[in-house]
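Residue strings, one per chain:
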Amino acid sequence: MPSPLRPLARSLALVAALIAPAAAQAQDPAGSGPINAALGWMQGTLLGSVATAVAVMAVAAVGFGMLTGRMNWRFGATVIIGVFIIFGAASIVAGIQSAAAVG
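Quick notes on the rules
Residues numbered from 1 in each chain as written. Predicted model: local features only at pLDDT ≥ 70, side-chain atom pairs only at ≥ 80, totals over all residues. Heavy atoms only, no water. Helix = DSSP H or I, 4+ residues; strand = E, 2+ residues; numbered from the N terminus. Buried < 20%, exposed > 50% of the residue type's maximum accessible area, 1.4 Å probe, protein only. Areas by Shrake-Rupley, 256 points an atom, 1.4 Å probe, with all protein chains shown as cover. Core = buried A, V, L, I, M, F, W, Y, C linked by side-chain atoms within 4.5 Å. Patch = residues over 30% accessible without salt bridge, like charges linked within 9 Å, V, L, I, M, F, W, Y side chains within 5 Å. Salt bridge = Lys/Arg side-chain N within 4 Å of Asp/Glu carboxyl O. Polar contact = N/O pair within 3.5 Å; in protein donor to acceptor, adjacent residues only side chain to side chain. Axes fitted to C-alpha atoms, helices over the stretch in contact; angles between N-to-C directions. Parallel < 35°, antiparallel > 145°, perpendicular 65-115°, else oblique. Left-handed = near helix turned anticlockwise from the far one by under 90°. Contact = heavy atoms within 4.5 Å. Nonpolar A, V, L, I, M, F, W, Y, C, P; charged D, E, K, R; others polar. pLDDT = per-residue confidence, 0-100.

Student: Tell me about the overall build of the protein, residues and numbers included.
Tutor: Each helix and strand in the protein was counted, giving five helices and zero strands. When the helices and strands of the protein are placed in sequence order, the string is α-α-α-α-α. A burial count over the protein gives 22% of its 103 residues as buried. Counting only carbon and sulfur atoms, one obtains 71% of the accessible surface of the protein, whose full area is about 7100 Å².

The following block contains the structure:
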């Protein structure tokens, strides 16, 4: 029986894929103003208060499922780590960029 949180994990992966290009842009080619504005709006929407509330509920549901023994620990850890990566993507990219600039 598939877990009800599997679509949530796929959604979180999609959000991460959409946010990563906005966080890792290196150049601003001519004519990309509307594209950057659209990506900025999307990032603000996906990381806003609604997304934060959904992530909190997902982590709480996964934690409760793991606590009661009704959820696979590997899947639960994947969801929780995915939430941390999504909301920490900007910091992760900044750290990688600063490490690459030193070397």
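There is more to say, and it comes next.
Student: Account for the nonpolar core, naming residues and giving values.
Tutor: Val62, Met66, Met71, Phe75 and Val79 together form the largest nonpolar core, which totals five residues. Breaking this core down by element, the ones donating at least two residues are helix H3 (49–67) and helix H4 (73–87).

Student: So what about a nonpolar patch on the surface? Which residues, and what values?
Tutor: A grouping of Ile81, Ile85, Ile92 and Ile96 is seen on the molecular surface, where their side chains present a nonpolar patch of about 370 Å² in accessible area. Only H4 and helix H5 (89–102) provide two or more residues apiece to the nonpolar patch. Following the sequence through the fold, isoleucine 92 ends up in helix H5.

Student: So, the environment of serine 98: which residues are in play, and what are the values?
Tutor: Secondary-structure assignment places serine 98 in helix H5. Under the relative-accessibility criterion, serine 98 is labelled partly exposed at 42%. At a separation of 2.9 Å, a polar atom in the side chain of serine 98 contacts the main-chain carbonyl oxygen of glycine 95.

Student: Explain the packing of H3 against H4 residue by residue, including any values.
Tutor: Relative to each other, H3 and H4 sit at 160°, their axes nearing to 10 Å. By the angle class used here, H3 and H4 are roughly antiparallel. The two elements H3 and H4 meet at a crossing, and its hand is left-handed. Residues Ala51, Thr52, Ala55, Val59, Val62 and Met66 of H3 touch H4, and the partners they reach there are Trp73, Gly76, Ala77, Val79, Ile80, Val83 and Phe87. Here the residues of the contact of H3 with H4 are counted per class, giving 11 nonpolar, two polar and no charged.

Student: Describe the confidence of the model for the protein, naming the residues involved and giving the relevant values.
Tutor: Overall, the prediction assigns the protein a mean pLDDT of 78, with 69% of residues at 70 or greater. The secondary-structure element of the protein with the lowest mean pLDDT is helix H1 (residues 6–23), recorded at 61, while H3 shows the highest, at 89.

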